[in-house]
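Structure at a glance
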Amino acid sequence: MRDFDRIDVETAWAEFTLGFMFYDAVSNIHGLERDPFMALVSPRPIGWISTLDVNGVVNLAPYSFFNAVSTNPHFVMFSSGGRKDSQRNAEETGEFVCSLATYELREAMNRTSKQVESHVDEMALAGLSPAPSSMVAPPRVAESPVAFECKYWRTIDLPGAEGEAGTHAIVLGQVVGIHIDDEALVAGKVDITKLRPIARLGYRDYAVIDEVFELGGS
């Protein structure tokens with residue numbers, strides 16, 4: 001780390017001082033080899049989103065901009081950079097499914113991240129099996145131990161820099177059905193270490209949950 005070094009580009013700047021750095025996140029000029037933002041907001045759960053297009057073709061793609069945002073009722077969100085197939089299909093059909101990406105399924109999950117033509121069934125391409133959902137039309141990943149069946153609620157378009165049109169959008173859906181593998185249920189609770197979900201870190205790094213600890217409070 002450089003001490004007392006400063007990078008100026010017009011009004012944007014990054015400053016390296018003893019023990020800390022600070023940079024203008026709006027201009028995103030940081031002086032590092034790679035943008036550190038994604039590495040700092042981690043670990044991020046992966047939403048493995050399956051949808052059907054209007055012709056019934058299965059689309060499956062992982063999103064690391066994913067999370068639960070409400071309970072009772074349960075809502076989840078995923079964010080898409082550009083209007084990708086998952087977003088378009090959810091908006092047009094009103095449904096999507098989120099299957100859990102686990103360590104055992106990491107390679108299959110990675111295969112579904114590739115850009116392919118819209119008519120390609122990515123679940124089949126990754127060697128995965130479709131399992132019928134109970135309350136929505138899109139299938140869940142049969143090999144995954146957990147799946148959320150969702151009804152599309154709405155899309156929120158995010159602004160770009162300096163008020164310009166943005167390229168990212170948040171897709172929100174209400175969870176109407178949940179599948180859980182019996183082996184993950186221990187003494188009436190979910191044992192997350194039996195599921196071993198993976199999470200996205202920065203760059204091309206991932207993490208897997210093998211160990212947990214408990215704290216008091218709510």
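The coordinates are above.
Residues numbered from 1 in each chain as written. Predicted model: local features only at pLDDT ≥ 70, side-chain atom pairs only at ≥ 80, totals over all residues. Heavy atoms only, no water.

1. Description of the pairing of strand E5 (residues 47–52)
To keep things clear, this is the line we draw: Under the scheme applied here, a residue whose accessible area is under 20% of the maximum for its type counts as buried, over 50% as exposed, and between as partly exposed, the area being computed with a 1.4 Å probe on protein chains only. Strands here mean DSSP runs of E at least two residues long; helices mean DSSP runs of H or I at least four residues long; both are numbered from the N terminus. Two strands are counted as paired when DSSP detects at least two bridges linking them.
Buried residues dominate E5, accounting for 6 of its 6 residues. Side chains Gly 47, Ile 49 and Thr 51 of E5 all project onto a buried face; the interleaved residues Trp 48, Ser 50 and Leu 52 project onto the opposite face, where all are buried too. Where E5 and strand E6 (residues 58–63) come together, 6 bridges link them in antiparallel fashion. Bridging from a neighbouring strand, Ser 50 pairs with Leu 60 of E6. Hairpin geometry of E5 and E6 is characterised by an intervening segment of 5 residues between the two adjacent antiparallel strands and by a positive phi of about 85° at Gly 56. In this structure, E5 lies alongside strand E9 (residues 95–100), joined through 4 bridges in antiparallel fashion. In the sheet register, Gly 47 faces E9, and the bridge partner there is Leu 100.

2. Digging into the sheet that holds strand E16 (residues 198–200)
Judged by pairing direction, the sheet is antiparallel, and its 3 strands sit side by side in the order E4-E16-E17 without closing on themselves. Edge positions in the sheet fall to strand E4 (44–45) and strand E17 (206–208), since each has one partner strand and no second. Looking at chain direction, E4 and E16 are connected through 2 bridges and run antiparallel. Directly across from Arg 44, in E16, lies its bridge partner Arg 200.

3. Overview of the nonpolar core
For clarity, the cut-off: The term nonpolar core refers to a set of buried residues drawn from Ala, Val, Leu, Ile, Met, Phe, Trp, Tyr and Cys, joined through side-chain atoms within 4.5 Å. Residues count as neighbours in contact if any of their non-hydrogen atoms are within 4.5 Å of one another.
With 14 residues, the main nonpolar core has Trp 48, Leu 60, Ala 101, Met 109, Met 123, Leu 128 and Val 141 as its most contacted residues. Beyond its immediate stretch of four places on either side in the chain, Met 123 contacts Ser 50, Val 58, Leu 60, Leu 128, Ser 129, Pro 130, Pro 139, Arg 140 and Val 141. One finds Phe 96, Cys 98, Cys 150 and Val 171 within the second-largest nonpolar core, a separate group that totals 12 residues.

4. Some thoughts on helix H2 (residues 85–93)
When we look at burial in H2, the residues that qualify are Asp 85, Ser 86, Gln 87, Asn 89 and Ala 90. Structurally, H2 contributes buried residues whose contacts are with E5, E6, strand E8 (75–81), E9, strand E12 (146–157) and strand E13 (168–180). Of the residues flanking the end of H2, it is Gly 94, one or two places downstream, whose phi is positive at about 80°.

5. Here's the deal with the state of the cysteines
Operational definition: By convention in this document, the label disulfide applies to cysteine sulfur atom pairs within 2.5 Å.
Enumeration according to the criterion identifies 0 disulfides in this entry. The cysteine Cys 98 is free of any disulfide, with Cys 150 supplying the nearest cysteine sulfur at 6.7 Å. With relative accessibility at 0%, the residue Cys 150 sits in the buried group.

6. Describing the sheet that holds E13
Keep this limit in mind: With axes taken as lines fitted to C-alpha atoms, and helix axes fitted only over the stretch in contact, angles between N-to-C directions fall between 0 and 180 degrees.
Pairing is antiparallel across the open sheet formed by 7 strands, whose spatial order is E6-E5-E9-E12-E13-E8-E7. The two strands at the open ends of the sheet, each matched to only one other strand, are E6 and strand E7 (66–70). Neighbour to neighbour, the strand axes of the sheet diverge by 35° on average, direction disregarded. Here E12 pairs with E13 via 11 bridges, running antiparallel. Each bridged residue has a counterpart across the sheet, and for Ile 156 the counterpart in E13 is Ile 170. This element, H2, spans E5, E6, E8, E9, E12 and E13 of the sheet and lies at about 50° to E5.

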